[in-house]
Amino acid sequence: MANNNTVLGAAKTAKKDEFYTQLTDIEKEIRHYKKHFKDKVVLCNCDDPFESNFFKYFVLNFNKLGLKKLIATCYSTSPIRGKQFDYTVDVDGQMSFFIENMQSSSLVIDKVFDTNKKPYKAVVTTVYDKTGDGGLDMLDIAKLFESGENQLEELEGDGDFRSDECINILKEADIVVTNPPFSLFREYINTIVKYEKKFLVIGHQNAIKYSDLFPLFMENKIWLGYGFQGNVGFFESPYEDTAVSSQHKEGLIRVSGVMWFTNMDIKKRHEELILTATYNEDKYIKFDNYNAINIDKVIEIPCDYEGIMGVPITFMDKFNPEQFELYGRTGNIEWAESDACNFFTPPSIEQQNIYKKQNKTWRVQNGYYVKNGIAITVYDRLFIRNKRPEKPLEVNI
């Protein structure tokens, strides 16, 4: 099977950020947050309003959600055009609209247009059946822009979310919802957290380990949403899909490890993780450099263990701060050697040199145990403690 983490890694390196979220995935996630949107200003600041399914979702559900205002901006021209409705600008700067599968619409003007699209800001404050046909669709939205009841304005800059212009737009928003560029995810999160905005965004699970983002999880300033099935997302993208045929979906690219990140409270965050395993010192290996036991799978977390445990980063999808305490993670030498980590005991320098000769990638801050004289390094681990350890209930049969 192709490794789609490689796809994301390559995207980050090459700054290929064109991964367009399906409308069904947006609908499935946002249904858990609807109470948060009433009377709020929503910003989709990585979304061309004429291409983004985020914009389509919010504009068509504007009244159901009780939104006060919807704003959408984009950074640059996308290779995917006209998925919802498109626009053209003639030589005089006159804007006209083109609706998918509605070429006969009176909104389409037969002129020679300048097809070099520029970053725009779409501002929606009213949504209704403008055409009077008894329904609500993107044709109504286009006509509301055309009539001036909603505004479409060309941005002065390039639409970069970090620009002063877009920061001022961000300040106006209450909630930010989008799929930000994978290559800029770290900077994106830091920006919206800096301005204390509520958010719901898509990113990769590796972001949990980022040195400047993990403290946000520690401080309960960010957590994971409901997510994609199996943490696998299928996105519209101009890039080649490397998934095997059994996992391939026509016109979409498969990306594993994708998650929703948020700071809006949801029911999932308070759900108790049911633990059925029990601690047995013969079953659970202790790290040699951390006073903690190693857990390979979330399902193997013992219900009765009182000490610190090193669990996979996928545990964050089940993390309930009322049930568990989050201490830190492997791989961070500064944290391991700080007072915040009082359960780290590195081997002697002499022993460290031996382990490095055995494996040149060995690092003292990574969790490991020794077997037959060989240091076995485990994958990234988060250190947690069960706040309410208890023996499993006995079942009489």
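Residues numbered from 1 in each chain as written. Predicted model: local features only at pLDDT ≥ 70, side-chain atom pairs only at ≥ 80, totals over all residues. Heavy atoms only, no water.

A few words on the packing of aromatic side chains. When we look at a pair of aromatic rings, we describe it by the centre distance and by the angle of the planes. One pass over the structure, following the stated rule, counts 23 aromatic pairs. Judged by centre distance (5.9 Å) and plane angle (15°), the ring pair of F228 and W260 falls under stacked. With F228 in the loop between β9 (223-224) and β10 (232-236) and W260 in strand β12 (residues 258-262), this pair connects stretches of sequence that are 32 residues apart. In this pair, the class of F228 matches that of W260, namely buried. With 4.6 Å between their ring centres and 45° between their planes, Y290 and F383 make a pair best called tilted. Placement of the pair is Y290 in the loop between β12 and β13 (293-294) and F383 in strand β18 (residues 382-386), with a sequence separation of 93 residues. Here the aromatic cluster, defined as three or more aromatic residues joined through ring pairs, consists of F287, Y290, Y327, W335, F343, F344 and F383. Its guanidinium or amino end placed over the ring of Y210, R186 lies 4.1 Å from that ring's centre, counting from NZ or CZ. (Phe/Tyr/Trp six-rings, centres within 6.5 Å; stacked < 30°, edge-to-face > 60°. Helix = DSSP H or I, 4+ residues; strand = E, 2+ residues; numbered from the N terminus. Buried < 20%, exposed > 50% of the residue type's maximum accessible area, 1.4 Å probe, protein only. Lys NZ or Arg CZ within 6 Å of the ring centre and 35° of its normal.)

Here the focus is the sheet that holds strand β15 (residues 324-329). The strand order β13-β14-β18-β15 describes an open sheet built from 4 strands, whose pairing is mixed. The sheet terminates laterally at β13 and β15, the two strands that pair on one side only. Taken together, the 2 bridges between β13 and strand β14 (residues 308-311) define a ladder with parallel strand orientation. Bridge pairing links I293 to M309 in β14. (Pairing = 2+ DSSP bridges.)

This brings us to the pattern of salt bridges. Applying the stated criterion to the full structure yields 13 salt bridges. Residue K69 pairs with E172 through a salt bridge whose shortest N-O separation is 2.6 Å. Of this pair, K69 sits in strand β2 (residues 69-73) while E172 is found in helix α6 (residues 164-172), placing the two residues 103 residues apart along the sequence. Residue classification places E172 among the partly exposed positions, given a relative accessible area of 39%. Salt bridges here are not isolated pairs; linked through shared partners, they connect D160, R162 and E187. (Salt bridge = Lys/Arg side-chain N within 4 Å of Asp/Glu carboxyl O.)

The next subject is the nonpolar core. Grouped together as the largest cluster of nonpolar side chains are 49 residues, with contacts concentrated most on I189, F261, I301, F315 and M316. Element by element, the count of residues in this core is highest for helix α7 (residues 185-194), at 4 residues. Once residues within four sequence positions are removed from consideration, F315 is found in contact with L273, V298, I301, F324 and I384. Grouped together as the second largest cluster of nonpolar side chains are 40 residues, F55, A122, I141 and I202 included. (Core = buried A, V, L, I, M, F, W, Y, C linked by side-chain atoms within 4.5 Å. Contact = heavy atoms within 4.5 Å.)

So, about the confidence of the model for the chain. Close reading of the predicted structure is inappropriate where its pLDDT is low. Counting all residues, the mean pLDDT for the chain is 85, and 80% of those residues have values of 70 or more. Throughout residues 1-14 the model reports pLDDT below 50, and contacts reaching past four residues in sequence, or to other chains, amount to 27 contacts. The model gives residues 101-115 a pLDDT under 50, and that stretch makes 25 contacts with residues more than four places away or in other chains. (pLDDT = per-residue confidence, 0-100.)

Before going further, it helps to spend a moment on the packing of helix α2 (residues 23-30) against helix α3 (residues 53-60). Between two packed helices, both the angle of their axes relative to each other and the distance between the axes serve to describe the pair. Orientation of α2 relative to α3, taken along the N-to-C sense of each, is 55°, at an axis distance of 9 Å. It follows that α2 is oblique to α3 by the angle criterion. Once α2 is placed against α3, the crossing between them reads as right-handed. Contacts between α2 and α3 involve L23, I26, E27 and I30 from the first element and N53, F54, K56, Y57 and F58 from the second. Here the contact of α2 with α3 is built from residues that sort into 6 nonpolar, 1 polar and 2 charged. (Axes fitted to C-alpha atoms, helices over the stretch in contact; angles between N-to-C directions. Parallel < 35°, antiparallel > 145°, perpendicular 65-115°, else oblique. Left-handed = near helix turned anticlockwise from the far one by under 90°. Nonpolar A, V, L, I, M, F, W, Y, C, P; charged D, E, K, R; others polar.)

What follows deals with the sheet that holds β2. An order of β6-β5-β2-β1-β7-β8-β12-β9 is seen for the 8 strands of this open sheet, with the pairing classed as mixed. Both outer strands of the open sheet, β6 (151-154) and β9, are each paired with one neighbouring strand and no more. Note: strand β1 (residues 41-44) against β2, 4 bridges, orientation parallel. Looking at the pairing, V42 lines up with L70 of β2.

This next bit is on the packing of α3 against helix α5 (residues 138-146). Following both chains from N to C, one finds α3 and α5 inclined at 85°, their axes separated by 11 Å at the closest point. One finds that α3 runs roughly perpendicular with respect to α5. For the pair α3 and α5, the contacting residues are F55, K56, V59 and L60 in the first and M138, I141 and F145 in the second. Considered class by class, the residues forming the contact of α3 with α5 number 6 nonpolar, no polar and 1 charged.

Mapped onto the fold, D296 is located in the loop between β13 and β14. Judged by relative accessible area, which is 47%, D296 ranks as partly exposed. As a C-alpha pair, D296 and V311 span 15 residues in sequence and 6.5 Å in three-dimensional space. For D296, the residues in contact, after removing those within four places along its chain, are P312 and R381. At a separation of 3.0 Å, a polar atom in the side chain of D296 contacts the side chain of N294. (Polar contact = N/O pair within 3.5 Å; in protein donor to acceptor, adjacent residues only side chain to side chain.)

The backbone of E196 shows a phi angle near 55°, a positive value even though the residue is not glycine. Here E196 is to be found in the loop between α7 and β8 (198-204). In this model, N231 sits at a positive phi of 55°, which is unusual for a non-glycine residue. Within the fold, N231 resides in the loop between β9 and β10.

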